[in-house]
2 protein chains.
Amino acid sequence: MAVDVIIKEVAPRDGLQAQPKHLTLEQRQQLIEELAVTGLTELEIGSFVSPKAVPQMAGTDVLASQLPAQPLDYSALVPNLKGYQLARAAGINTVAIAVAATEQMNQANIRMSLEQTFAMADELLASARADGSAVHAYLAVAFECPFEGKVDPAVVLSQARHLMAQEPARLVIADTIGAANPRDVKTLMSALVAEFGPERLGCHFHDTRAMGLANVYAALEAGIVQFDSAAGGLGGCPFAPGAKGNVATEDVVLLCESMGLNTGVSMPALLSAVASLSDMIGAPQGGRAHYWLSNNSNRCAS
Amino acid sequence: MAVDVIIKEVAPRDGLQAQPKHLTLEQRQQLIEELAVTGLTELEIGSFVSPKAVPQMAGTDVLASQLPAQPLDYSALVPNLKGYQLARAAGINTVAIAVAATEQMNQANIRMSLEQTFAMADELLASARADGSAVHAYLAVAFECPFEGKVDPAVVLSQARHLMAQEPARLVIADTIGAANPRDVKTLMSALVAEFGPERLGCHFHDTRAMGLANVYAALEAGIVQFDSAAGGLGGCPFAPGAKGNVATEDVVLLCESMGLNTGVSMPALLSAVASLSDMIGAPQGGRAHYWLSNNSNRCAS
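The structure displayed is predicted, hence computed values, not measured ones.

K.L.:
Before we move on, can you summarise the overall build of chain A with the specific residues and values?
P.N.:
Scanning chain A for helices and strands turns up 11 helices and 10 strands. A globule of 302 residues ought to have a C-alpha radius of gyration of about 19 Å, and chain A, at 18 Å, matches this closely. In chain A, which comprises 302 residues, the proportion classed as buried is 54%. Counting only contacts in chain A whose residues sit at least 6 apart along the sequence, the fraction spanning at least 24 positions is 73%.

K.L.:
Describe the sheet that holds strand E10 (residues 226-229) of chain A, with residues and values.
P.N.:
All names here are of chain A. One closed barrel holds the 8 strands; their spatial order is E1-E2-E3-E4-E5-E8-E9-E10, and the pairing between them is parallel. The mean inter-strand angle of the sheet, taken between neighbouring strand axes irrespective of direction, is 25 degrees. The sheet contacts of helix H7 (residues 153-164) involve strand E5 (134-140) and strand E8 (170-175), and relative to E5 the element is tilted by about 165 degrees. Running over the sheet, helix H8 (residues 182-196) touches E8 and strand E9 (201-205) and is turned about 160 degrees from E9.

K.L.:
So, the environment of Leu31(B): which residues are in play, and what are the values?
P.N.:
Along the chain, Leu31(B) falls in helix H2 (residues 25-36). Between the C-alpha atoms of Leu31(B) and Phe196(B), which are 165 residues apart in sequence, the distance is 35 Å.

K.L.:
I'd like a rundown of the sheet that holds strand E1 (residues 6-9) of chain B, residues and numbers included.
P.N.:
All names here are of chain B. Judged by pairing direction, the barrel is parallel, and its 8 strands sit side by side in the order E1-E2-E3-E4-E5-E8-E9-E10 before closing back on the first. Taken over all neighbouring pairs, the strand axes of this sheet differ in orientation by 25 degrees on average, direction set aside. Pairing between strand E4 (residues 94-100) and strand E5 (residues 134-140): 7 bridges, direction parallel. Among the inter-strand pairings, Val95 is bridged to a residue of E5, identified as Val135. Each of strand E8 (170-175) and strand E9 (201-205) is contacted by helix H8 (residues 182-196), which is oriented at about 160 degrees to E9, the strand it contacts most.

K.L.:
Can you lay out helix H4 (residues 81-89) of chain A for me, pointing to particular residues and giving the numbers?
P.N.:
All names here are of chain A. Among the residues of H4, Gly83, Tyr84 and Ala87 are the ones counted as buried. The arc that holds the buried residues of H4, viewed along the axis, is 105 degrees, so those residues lie on one side. Looking at the residues trailing H4, positive phi occurs at Gly91, about 95 degrees.

K.L.:
Give a detailed account of the packing of helix H10 (residues 249-258) of chain A against helix H11 (residues 267-281) of chain A, specifying residues and quantitative values.
P.N.:
Residues and elements named next belong to chain A. The interhelical angle for the contact between H10 and H11, taken along N-to-C directions, is 160 degrees, at an axis separation of 10 Å. Judged by the angle between their axes, H10 and H11 are roughly antiparallel. Judged by the sense of rotation from one axis to the other, the crossing of H10 with H11 is left-handed. Contact with H10, carried on its side by Thr249, Glu250 and Val253, involves Met267, Leu270, Leu271 and Val274 of H11 and no other residues of that element. Within the contact of H10 with H11, the residues separate by chemical class into 5 nonpolar, 1 polar and 1 charged.

K.L.:
Mind laying out the nonpolar core, listing which residues take part and the relevant values?
P.N.:
Within soluble globular proteins, side chains that are nonpolar tend to cluster in buried spots. Ranked by internal contacts, the top residues of the largest apolar core, which has 185 residues, are Ile97(A), Leu139(A), Ala140(A), Ile97(B), Leu139(B) and Ala140(B). When residues of this core are assigned to their parent elements, the largest contribution, 8 residues, is made by helix H9 (residues 212-222) of chain B. Non-local contacts of Ile97(B), meaning those with residues more than four positions away in its chain, are made with Val78(B), Ala121(B), Leu124(B), Val135(B), Ala137(B) and Tyr138(B).

K.L.:
Just give me the short version of the pairing of E9(A), but keep the residues and values in it.
P.N.:
All names here are of chain A. Counting buried positions over the 5 residues of E9 gives 5, a clear majority of the element. Burial of E9 is two-sided: the residues Leu201, Cys203 and Phe205 facing one way and the residues Gly202 and His204 facing the other way are all buried. Relative to E9, E8 runs parallel, the two being bridged by 5 bridges. Each bridged residue has a counterpart across the sheet, and for Asp175 the counterpart in E9 is Phe205. Once the chain exits E8 it traverses H8 before rejoining the sheet at E9, and the crossover so formed is right-handed. In the sheet, E9 pairs with E10 via 2 bridges, with the strands oriented parallel. Paired with His204 across the two strands is Asp228, which belongs to E10. Handedness of the crossover is the feature at issue here: the chain leaves E9, passes through helix H9 (residues 212-221), returns alongside E10, and the resulting connection is right-handed.

K.L.:
Describe the environment of Ala214(A), naming the residues involved and giving the relevant values.
P.N.:
Positionally, Ala214(A) belongs in helix H9. C-alpha of Ala214(A) to C-alpha of Gln17(A): the two residues are 197 residues apart in sequence and 25 Å apart in space. Not counting residues up to four positions away in its chain, the partners in contact with Ala214(A) are Pro182(A), Leu213(B), Ala214(B), Tyr217(B) and Leu255(B).

K.L.:
Explain helix H2 (residues 25-36) of chain A residue by residue, including any values.
P.N.:
Residues and elements named next belong to chain A. In this model H2 runs 16 Å from its N-terminal to its C-terminal C-alpha over 12 residues, within 8% of the 16 Å that 1.5 Å per residue would give. When H2 is considered as a whole, its buried residues turn out to be Arg28, Leu31, Ile32, Leu35 and Ala36. Burial along H2 is one-sided: seen end-on, the buried residues are contained in an arc of 130 degrees. Looking at the packing, one finds that the buried side of H2 touches strand E1 (6-9), helix H1 (11-15), strand E2 (42-47), helix H3 (60-64) and H11.

K.L.:
For the confidence of the model for chain A, give the residues involved together with the corresponding values.
P.N.:
All names here are of chain A. Chain-level pLDDT for chain A is 91 on average; 92% of the residues reach the 70-or-more range. Ignoring residues within four places in sequence, the model shows residues 238-243, a span with pLDDT below 50, making 13 contacts including any to other chains. At the level of chain-chain contacts, confidence expressed as ipTM amounts to 0.92, with global pTM at 0.94.

K.L.:
Can you tell me about the environment of Met105(A), naming the residues and giving the values?
P.N.:
All names here are of chain A. Turning to its location among the elements, Met105 is positioned in helix H5 (residues 103-110). Separated by 40 residues in sequence, Met105 and Cys145 have C-alpha atoms that sit 6.8 Å apart. With residues near it in sequence (within four places) discarded, Met105 still touches Ala100, Ala140, Val141, Cys145 and Phe147.

K.L.:
Give me the pairing of E4(B): which residues, what numbers.
P.N.:
Residue and element names in this part refer to chain B. Burial analysis of E4 places 6 of its 7 residues in the buried class, the great majority of the element. Pairing of strand E3 (residues 73-77) with E4 involves 2 bridges; the strand directions are parallel. From the neighbouring strand, Ala76 faces E4, where its bridge partner is Val95. In this fold, the crossover linking E3 to E4 by way of helix H4 (residues 81-89) has right-handed handedness.

The rules we used
Residues numbered from 1 in each chain as written. Chains lettered and ligands numbered in written order. Predicted model: local features only at pLDDT ≥ 70, side-chain atom pairs only at ≥ 80, totals over all residues. Helix = DSSP H or I, 4+ residues; strand = E, 2+ residues; numbered from the N terminus. Rg over C-alpha atoms; globule rule 2.2 N^0.38 Å. Buried ≥ 20, exposed ≤ 12 C-beta atoms within 10 Å, placed from the backbone. Contact = placed C-beta atoms within 7 Å. Pairing = 2+ DSSP bridges. Axes fitted to C-alpha atoms, helices over the stretch in contact; angles between N-to-C directions. Arc of directions from axis to C-beta. Parallel < 35°, antiparallel > 145°, perpendicular 65-115°, else oblique. Left-handed = near helix turned anticlockwise from the far one by under 90°. Nonpolar A, V, L, I, M, F, W, Y, C, P; charged D, E, K, R; others polar. Core = buried A, V, L, I, M, F, W, Y, C linked by C-beta atoms within 7 Å. Right-handed = clockwise from strand over helix to strand, strands pointing away. Expected span 1.5 Å × (residues − 1). pLDDT = per-residue confidence, 0-100.

So this is what it looks like as structure tokens:
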């Protein structure tokens, strides 16, 4: 059965990259293996970044060399052209790159100007086109920047046009800090869908302010059918103490399935992976979709 | 400044009624006093039910006799005509009554048939009309029943017509067990708004499956502007272990305000009430709107 909504599982990357507890390669491998059999369509396995900068992601090349033989699209995040080449050498044919929508976020995140970041992305996209690799181009802080505040949708539209001209396999609009609201999401994503169609668009939400699923729903209403999420809602950010992580995959699956949209995901398999993940992290992880499995009657007044 | 969205705070009733920890009258009084100064428009202070059945709500008449002098609409839940008369004797001029949309839920909840429950509601609404009291009529399990499963929207529409003919001050569509999805919410509430207009309609959501705010947003999109919520997301249900409670008032406020909709609520005052509530319950309560107060920068990749 074809899926109605494509879910890109990012727990092994966006979920783990900010954890104070660093998983071993064997644990990351186990997580990938458990997620690979859930029916998820896409899986981001890690990133090819400096192990000094992000030790949690060291050894992603090893993981890339022993991917489970499942019909998934495996991918990895790369920070720049060098990372792209490392990923490609490791056999990864779909990479994600992130460019921030604001000057200050680019400076803070990768110490490059907005102009330099977009030039890097252009160069990487051109290389990938020549190589036949697929690129998911992420427009980070596309709704609100922690340094510059609300981002003008006209700026995002203009940046989206620039990136789309370089033919990424997907343009992902990312609410990096979990500050978007569903009305803004619907407005922006509707404008993007009207201009580019839904096929090459995706969304990436964090649940920092409890609006994660509302934003997913708003994007679905706008026609978006490709979403990032992390098993167990793993994620958060070391620079925003206590911040919640990505929208939980199990919650996104439950939302979609309850609205009659097929995700292809086996909930018991997914919840099993979330349980393992909780053990590895040493803290309970999880959205609230375990209620999918519960069958309690209840008798509350309203 | 007039509010765009009316929030009816139900923590002192729907929040406390299912808590294993029973608050003292003094604690409940303190909670009401703290909530009364937050700028909330409406406050449900408790219920006039048998103290044997729901000991958490014993003494609501005492609370009713010492309400803070604030410009709020205070109300209470009543289970039947007797409860209505007790509330009225205690000086409460706005009461809530709950009728469940399904036969089995009425039987399980109040040991009456669907027909008997609606007859009781009709009688109560007629009395209130004669007395000049306002009634919020709740249609419970309006999306899904724990015993009968999905509820046919045509049945709900028909029941809504019946109740609206009795002229309640408000008809509240309640997702009692937190099983609604935003697409169904938008469809049903749009139909109701088309037929009755938004002025006398409200929604009551629980966050059991993480879709609480998505459902609030969907109802807002349908034109609904009156919502129940509980400070701290208090609630849950003794018959669904671990179930999350009502949508958290602070999350609903944050959702509305982030979309430019004025609720009149002072977030610092509300979060202060949530903190007190957590102390009283002996467990941390709270949605995620404390991020409203945080101002952390962050530098996550996406």
